[in-house]
Amino acid sequence: EYGLMLHRSPTFLYEHVRDFYVAVEKLDDGLTEIIVGVCGLRVIWANWAEVYALAVTPDQRGKGLGGQLVEAAVNQARNLGVPQLMTLTYEQKFFEKFGFEILDRQRLPLKIWSECIRCSKNQACDEILQGKIDDQFKINLTNYLSNQNNENNKTLPTVFPFINYDTGESVI
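Draft legend 1. Spotlight on the overall build of the protein. The helix and strand inventory of the protein stands at four helices and six strands. N-terminal to C-terminal, the α/β element order of the protein is α-β-β-β-α-β-α-β-β-α. Sorting the 172 residues of the protein into buried and exposed places 34% on the buried side. Carbon and sulfur atoms form 52% of the exposed surface of the protein, whose accessible area is close to 11100 Å².

This is the structure in structure tokens:
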């Protein structure tokens, strides 16, 4: 409606319905529910997922609903063991509240850009690319690296694939 999001066809929405968190509000009749917010999580690869299609109705903005939807997507990525998240957005400050930082587009795998060919702005994208590494993954990585230096500790931590944002190379 505002021209700020990639158009999604009804077919796409049905095929990807499990990607989305949906917030609803009950109307005064107590029976009717209307959608007031959505946010999707698209797993791109074993170590990458995209938080996408975040939208909240104008009358619900500023009430924390968008944040709840983003947190639901981040938690789902954590539950799936996907440590790195990215988003394309015009709302840089909003995503910074959740630990997302600006990323260099040139350092990400081409697989991430598979949706971009359907966008009318694909040759002149003006969205901001932001990403984050899940905090629990950082803890696991720190523990892993410290355990590497401790010969007496035979416990192996959970290790996830990891790509360094700066170099694009695998760390583990």
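Draft legend 2. Examining the nonpolar core more closely. Core analysis: the largest hydrophobic core is formed by 18 residues, its most contacted members being L41, V51 and L85. Those elements that place two or more of their residues in this core are strand 2 (33–45), strand 3 (48–56) and helix 2 (65–80). When residues of this core are assigned to their parent elements, the largest contribution, six residues, is made by helix 2. Listed in part, the seven residues of the second largest apolar core include M86, L88, L108 and L129.

Draft legend 3. Focus on the confidence of the model for the protein. Looking at the protein as a whole, its pLDDT mean stands at 76, while 61% of the residues score no less than 70. Across the protein, helix 3 (residues 92–96) holds the top mean pLDDT of 95, while helix 4 (residues 135–148) sits lowest at 59. Below a pLDDT of 50 lies the segment residues 153–166, which in the model reaches 43 contacts outside its immediate sequence neighbourhood of four places, other chains included.

Draft legend 4. Region of interest: unusual backbone geometry. A positive phi angle, near 55 degrees, is found at A53, a position not held by glycine. Residue classification places A53 among the buried positions, given a relative accessible area of 15%.

Draft legend 5. Spatial organisation of the pairing of strand 2. In this sheet, strand 2 lies alongside strand 1 (residues 20–26) in antiparallel orientation, the contact comprising seven bridges. Across the sheet, V22 pairs through a bridge with V38, a residue of strand 2. Connecting the antiparallel pair strand 1 and strand 2 is a turn made up of six residues, with G30 showing a positive phi of about 75 degrees. As judged from the seven bridges shared by strand 2 and strand 3, these two strands associate in the antiparallel manner. Residue pairing in the sheet places G37 in a bridge with V56 of strand 3. In this structure, the hairpin formed by strand 2 and strand 3 is closed by a connection of two residues.

Each value, and the rule that gives it
- Residues numbered from 1 in each chain as written.
- Predicted model: local features only at pLDDT ≥ 70, side-chain atom pairs only at ≥ 80, totals over all residues.
- Heavy atoms only, no water.
- Helix = DSSP H or I, 4+ residues; strand = E, 2+ residues; numbered from the N terminus.
- Buried < 20%, exposed > 50% of the residue type's maximum accessible area, 1.4 Å probe, protein only.
- Areas by Shrake-Rupley, 256 points an atom, 1.4 Å probe, with all protein chains shown as cover.
- Core = buried A, V, L, I, M, F, W, Y, C linked by side-chain atoms within 4.5 Å.
- pLDDT = per-residue confidence, 0-100.
- Contact = heavy atoms within 4.5 Å.
- Pairing = 2+ DSSP bridges.

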